[in-house]
Amino acid sequence: MVEIRKVSTKRELKTFIQFFYDLYRNCEQAVPYLFFDEMATLRRDKNPSFECCEADYFLAYKDGKLAGRVAAIINHRANERWQCHQVRFGWLDFIDDTEVSQALLSTVEKWGRERGMTEMAGPLGFIDTDREGMLVDGFDELSTMYVNYNYPYYADHIARYGGLQKDNDYVELKVKVPEDDSYKFHKIAEMVKKRYGLRVHKFTRKELLDEGKGREVFHLLNATYKDLYGFSELSSKQVDKLVNDYIKIADLNLVTAIMDGDQMIGFGITFSSMSQALQHCRNGKFWPFGWWHILQVLKRHNTDTVDLLLIGVLPEYRAKGANALIFDDLIQQFQRYHFRWAVTGPQMESNEAVLAQWQYLDSQIVRRHRCFRKQLSDV
C-alpha cells in the first residue's frame, strides 16, 4: 500500500531533500547536491522562479517507510512561450518498486489535470538552468552537480507508466584538453579575430558585480537560449539570483566574453569540477569534512576536470566562428590549471551545429538524459 503525502512544512521539505542522499548513499557515481542549494530552489520565499511558477511536492510511503518523492511544477511563462498547458515533474526519485513510481507519476498527472493542464513532461525543473532529464545512458560515469543522476531502473518504470514517450534527449561529452596550441580552434580563432574584429574580454569582479556585466551575461543567455527545449525567459530577479549563485564565486580566468566593439556577443562560464569534492559532503553539507575538499577545488583547482557550465553566442555571430574564440581562450586557461578533461553540460541531440563543433577535439559522448511527455487531453 502506497500513501502519498503532500509536503506542507519546512521539516517535510527537509525530508524531501534528504531522500536523495539516503537513496544514493552507497552509489559511487552519484554526486550529492548541496543541501542549501536544494532548499533555496524549492522554497517559495527563496526562489524567484515562483514569480511565474507554481509547484507542490509529494512524498511516497510504502508500508510506512519513505519510498519516493516528486515535484509537480507549472511554469506559466514557459507554457505561454510554447503555447501549451504543461505540468512538469521533477525531483523524481524512488525505490525500485513499480507501485511507488506509478503512484508518484499519477499524483503529478492528477495535480496537473486539476489545474487545466493537457500534457505532462519531465524530468524538468522550474527553469532551464535547473537540472533536466532522466539519465538513460552513462550510469558508470561520475556525475556532476549540474545534472540528474539516477539508477538504471528509473527508465523501466517510466516505460510502464502509460503514455509517457521520449520528447527530447540531451547528451554530455567528455573532451580531452589539448596539450599544446595545435588544435583547430586556435587557428580558427586567429582568423576570426582578423576577419571580423572580434576580441576576447576577461572580466574583473567589479565589472561583473558593480557595473552590471554579470546581469548582461544572463540577458545574453535569454537571447541565445530562447529557442531551446522548454526554455522560458529569465526575469530580472532570476538573473540576480544566477549572478549571486555563479558569478560571485567564479574563477574569472575560467569566464570568457567575446566582444564586437563594446557589445558582448558571446560568453563561456566554466568551473573546476566539484564532483569528487562533493562526494565528501555527507547529506550535501559542508560540515564536518566537506568544506576542506570544496576549498581545495575553489582555491587550488585540485581536480583534473573542468565543467563547461554555460556557453552562448548570438545567432548572427555563430557562422562567423565566434565560438572558436571562446574555446580557444578557455583551453589556454585549462592548460594553465593542468586540467586534463572538460565535461560539457547537457546539449540537445538534435542541435547538430553545436555537437559538430566537438569534432575538432578528442571527445566522446559519456551520458544521455531524456525528457518524456504524455498527452492528457484525450483521457
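Criteria and thresholds
- Residues numbered from 1 in each chain as written.
- Predicted model: local features only at pLDDT ≥ 70, side-chain atom pairs only at ≥ 80, totals over all residues.
- Heavy atoms only, no water.
- Helix = DSSP H or I, 4+ residues; strand = E, 2+ residues; numbered from the N terminus.
- Rg over C-alpha atoms; globule rule 2.2 N^0.38 Å.
- Buried < 20%, exposed > 50% of the residue type's maximum accessible area, 1.4 Å probe, protein only.
- Contact = heavy atoms within 4.5 Å.
- Areas by Shrake-Rupley, 256 points an atom, 1.4 Å probe, with all protein chains shown as cover.
- Lys, Arg positive; Asp, Glu negative; His and termini not counted.
- Charge placed at Lys NZ, Arg CZ, Asp CG, Glu CD.
- Pairing = 2+ DSSP bridges.
- Phe/Tyr/Trp six-rings, centres within 6.5 Å; stacked < 30°, edge-to-face > 60°.
- Lys NZ or Arg CZ within 6 Å of the ring centre and 35° of its normal.

S.K.: Teacher, can you tell me more about the overall build of the protein chain here?
M.R.: A count of helical and extended segments in the protein chain gives 14 helices and 14 strands. Taking 21 Å as the expected radius of gyration for a compact globule of 379 residues, we find that the protein chain reaches 21 Å, a close match to that expectation. Projected onto its principal axes, the C-alpha coordinates of the protein chain cover approximately 65 × 45 × 40 Å. Here the protein chain, with 379 residues, has 58% of them falling under the buried criterion. Restricting to contacts in the protein chain with at least 6 residues of sequence separation, those with at least 24 account for 77%. With the model as given, the accessible surface of the protein chain reaches about 17,300 Å², and the carbon-plus-sulfur share is 48%. Computed over 51 positive and 53 negative side-chain charges, the inter-centroid distance for the protein chain is 3 Å.

S.K.: What exactly am I supposed to notice about the pairing of strand β12 (residues 341–344) here?
M.R.: Successive residues of a regular strand alternate their side chains across the two faces of the sheet. Here strand β7 (residues 165–176) runs beside β12; their pairing, made up of three bridges, is antiparallel. Looking at β12, one finds that K174 is bridged to V343. Looking at chain direction, strand β11 (residues 305–313) and β12 are connected through four bridges and run parallel. Bridging from a neighbouring strand, D307 pairs with V343 of β12.

S.K.: Just to check I follow, could you spell out the packing of aromatic side chains for this structure?
M.R.: Aromatic ring pairs are reported here in terms of the distance separating the ring centres and the angle at which the planes meet. Applying the stated rule across the entire model yields 24 aromatic pairs. On the numbers, 6.2 Å between centres and 80 degrees between planes, the contact of F20 with Y21 is edge-to-face. A relative accessible area of 4% places F20 in the buried class. Clustering of aromatic rings is evident, with ring pairs tying together F20, Y21, Y24, Y33, F35, F94, Y149, Y151, Y153 and Y154. We note R5 situated over the ring of Y61; from NZ or CZ to the ring centre the distance is 3.8 Å. Positioned over the ring face of Y33 is R131, at 3.5 Å from the centre of the ring.

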